[in-house]
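# Structural features, examined
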Amino acid sequence: MKAPHALDIQGLRITLPGTARPVLDGVDLRVAAGETVALVGESGSGKSITSRSALRLLPPGAAVEGSVRVAGRDVLTLDAAGLRSVRAGSAAMVFQDPRAAVNPLRRIGDFLTEGVTLTGTANRRDAEARAAALLEAVGLDRSVLRKYPGQVSGGMLQRVVIAAALMGDPQLLLADEPTTALDVTNQAEVVALLAGLRERFGTGLLFVTHDLDLAAAISDRVYVMYAGRIAEAGPAEALFARPRHPYTAALLASTPRMEGPPGRLAAIDGQPPDLREPLQGCAFAARCPLATEICDQRAPQPSAAPDRAEHRAACHHSDRLEGSTIDVRR
C-alpha cells in the first residue's frame, strides 16, 4: 500500500466573517514524504493560512470546507486528542521570527524538551539526548541547552527553533518565511540547513516565501498563489523557466537580478482584489495584460501544459503565454 502524503490539501475553502469572498477558494496542494514544496505569492495571497491549516491554526469564526490530511489524517475532523497528537508528532512549524516562538525567561533546553516530555513521547533523559543530537544536526553544540534565548544570535535561535520543530520526529515540516528576519548570510545558511535536514530525516517540507529565488533554490515543486487561489503549480525548474500564468511571469519579471537588463525594474500595477468585494471571474484579470472578456466573466480552471502533465495553470490564455515573454507594465 502506498504511503500517504506528508500533506494533502483538497478543495480547501475558508471564509471569514465580514468578507464577501473566501480567503482560500478551492486550494489543492500536496507534499510528498521527503519532498520540498514552495508556496509563493504576494503578501495577503493566503500562503500563511494555507500552511497553518495543516495544524488547524485558523482564525476565529472561520467557516471551512474541504480536507487537510497530514500523514493520512484529516486535521479538520479530528477531536482535541487527535489534533494534539498531530501537533506533537506528525507536523511542526517554523515561524518567521524565532524570538516570538520562545520564552525569553526559560532556558533553551527547556524549550526543546518540554513538548515531548509533557505529551509522554519521551522521558526527560531521552528528550535531552535527542535535543543535544538535533542541536548538533543544525550546527550547534549542547552548551546551547543551558543558555537563554537572549544569549544567542538571531541566526542561532532560528536553528534552535528548527531543532525544536524536529523534536517530535514530524513527517511534515512547515516553514513560514523562516528567513525573513535574518541577514543574507544567515538566510543562505538556514535554507541549506532545511534542505539538508529534509534529506537526512525524510521529512516533507512546505516552504512558504515571497522570494522566488529562494523557492527556486530549495524546492522540488512550486505552487503560486494569488487571492486565495492556486494560479500555477508544477516542477520548479519548468515553472520558473516556462511560466504558464501571467502572474507567475510578472513575479519573475519584477524580481531584481544582478545580471538583469538596465533600466527600471518591472512592476505589477494595481492591487489584489479586496476581500470585501465579490469576485466573479479571474482574480488577476484587472492587473493582467492578457485579460479578455471571458476573464471577467468566468474563473479559469487549472489545465496542464501540452507536454508537461504536472505543470498546471489556472488561466484562460495559458497557451498564449507558453514560450513567450509578456510586458507586465500596463
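Presented here is an overview of the structure given in this document. Because the structure is predicted, anything quoted here is derived from the model rather than measured. (Residues numbered from 1 in each chain as written. Predicted model: local features only at pLDDT ≥ 70, side-chain atom pairs only at ≥ 80, totals over all residues. Heavy atoms only, no water.)

### Side note on the sheet that holds strand 2 (residues 24–31)
Reading across from one edge, 2-1-4-5 is the order of the 4 strands in this open sheet, with antiparallel pairing throughout. Each edge of the sheet is formed by a strand with only one pairing partner; in this case those strands are strand 2 and strand 5 (73–74). Bridge count between strand 1 (residues 7–15) and strand 2: 6 bridges; the pairing is antiparallel. By the bridge assignment for strand 2, Ile14 is matched with Leu24. (Pairing = 2+ DSSP bridges. Helix = DSSP H or I, 4+ residues; strand = E, 2+ residues; numbered from the N terminus.)

### Considering the pattern of salt bridges
In this structure the tally under the stated criterion is 14 salt bridges. Ionic pairing is found between Arg30 and Asp8, a salt bridge with its closest N-O pair at 3.4 Å. Taken together, the residues Arg30 in strand 2 and Asp8 in strand 1 connect sequence positions 22 residues apart. The exposure class assigned to Asp8 is buried, which follows from its relative accessible area of 17%. Of the charged contacts in the structure, one is a salt bridge between Arg308 and Asp307, with a shortest N-O distance of 3.0 Å. Note on Arg308: relative accessible area 13%, which makes it buried. (Salt bridge = Lys/Arg side-chain N within 4 Å of Asp/Glu carboxyl O. Buried < 20%, exposed > 50% of the residue type's maximum accessible area, 1.4 Å probe, protein only.)

### Things to note about the sheet that holds strand 3 (residues 36–40)
Strand order in the open sheet formed by 8 strands is 6-7-8-3-9-10-12-11, and the pairing between neighbours is mixed. The open sheet has two edge strands, strand 6 (91–94) and strand 11 (303–305), and neither has a second partner. The average undirected angle you get between the axes of adjacent strands in this sheet is 25 degrees. The strands touched by helix 6 (residues 184–201) are strand 3, strand 7 (172–176) and strand 8 (204–209); relative to strand 8, the strand with the most contacts, the crossing angle is about 160 degrees. (Axes fitted to C-alpha atoms, helices over the stretch in contact; angles between N-to-C directions. Contact = heavy atoms within 4.5 Å.)

### Let's talk about helix 5 (residues 154–166)
In this model helix 5 runs 19 Å from its N-terminal to its C-terminal C-alpha over 13 residues, within 8% of the 18 Å that 1.5 Å per residue would give. When you tally the buried positions in helix 5, you get 11 out of 13 residues, the bulk of the element. (Expected span 1.5 Å × (residues − 1).)

### So, the packing of helix 4 (residues 124–137) against helix 5
Axis angle and axis distance: for two packed helices, these are the angle between their axes and the distance between the axes, and together they describe the pair. The N-to-C vectors of helix 4 and helix 5 enclose an angle of 130 degrees; their axes lie 9 Å apart at closest approach. Between helix 4 and helix 5, the angle falls in the class oblique. Crossing of helix 4 against helix 5: the hand is right-handed. On helix 5, the residues that touch Arg130, Leu134 and Leu135 of helix 4 are Val160, Ala163 and Leu166. (Parallel < 35°, antiparallel > 145°, perpendicular 65-115°, else oblique. Left-handed = near helix turned anticlockwise from the far one by under 90°.)

### Observations regarding helix 2 (residues 80–90)
Taken as a whole, helix 2 has its buried residues at Gly82, Leu83, Val86 and Ser90. Here the buried residues of helix 2 occupy an arc of 100 degrees about the axis, which is enough to place them on one side. Structurally, helix 2 contributes buried residues whose contacts are with strand 4 (63–70), strand 5, strand 6 and strand 7. (Arc of directions from axis to C-beta.)

### Focus: the packing of helix 3 (residues 108–118) against helix 5
Their axes nearest at 8 Å, the elements helix 3 and helix 5 cross at an angle of 20 degrees. Our classification of the angle between helix 3 and helix 5 gives roughly parallel. Between helix 3 and helix 5 lies a crossing of right-handed hand. Counted together, Ile108, Phe111 and Leu112 of helix 3 and Val160, Val161, Ala163 and Ala164 of helix 5 form the full contact between these two elements. Grouping the constituent residues of the contact of helix 3 with helix 5 by class yields 7 nonpolar, no polar and no charged. (Nonpolar A, V, L, I, M, F, W, Y, C, P; charged D, E, K, R; others polar.)

### Description of the packing of aromatic side chains
Enumeration over the complete set of coordinates arrives at 3 aromatic pairs. Residues Tyr226 and Tyr247 carry aromatic rings whose centres are separated by 4.6 Å and whose planes lie at 55 degrees to one another, so their mutual orientation is tilted. Placement of the pair is Tyr226 in strand 9 (residues 221–226) and Tyr247 in helix 9 (residues 246–253), with a sequence separation of 21 residues. Residue Tyr226 shares its accessibility class with Tyr247, and that shared class is buried. A centroid spacing of 5.2 Å and a plane angle of 85 degrees characterise the contact between Tyr226 and Phe284, whose relative ring orientation is edge-to-face. With a gap of 58 residues between them, Tyr226 in strand 9 and Phe284 in the loop between helix 9 and helix 10 (293–297) connect regions that are remote in the sequence. (Phe/Tyr/Trp six-rings, centres within 6.5 Å; stacked < 30°, edge-to-face > 60°.)

### Considerations on the nonpolar core
Side chains of nonpolar character tend, in soluble globular proteins, to be buried together. If you look at the biggest cluster of nonpolar residues, it comprises 37 residues, and the most contacted ones within it are Leu112, Leu135, Val160, Ile162, Leu173 and Leu194. Going through the elements one at a time, strand 6, helix 3, helix 4, helix 5, strand 7, helix 6, strand 8 and helix 7 (212–218) are the ones with two or more residues in this core. Considering each element in turn, this core owes the most residues, 8 residues, to helix 5. Once residues within four sequence positions are removed from consideration, Val160 is found in contact with Ile108, Phe111, Leu112, Leu135, Leu140 and Val144. Residues Ala6, Leu12, Val27 and Val68 belong to the second largest nonpolar core, which totals 31 residues. (Core = buried A, V, L, I, M, F, W, Y, C linked by side-chain atoms within 4.5 Å.)

### Here we look at the environment of Phe207
Here Phe207 shows up in strand 8. Counting along the chain gives 113 residues from Phe207 to Val94, while the straight-line C-alpha distance between them is 9.6 Å.

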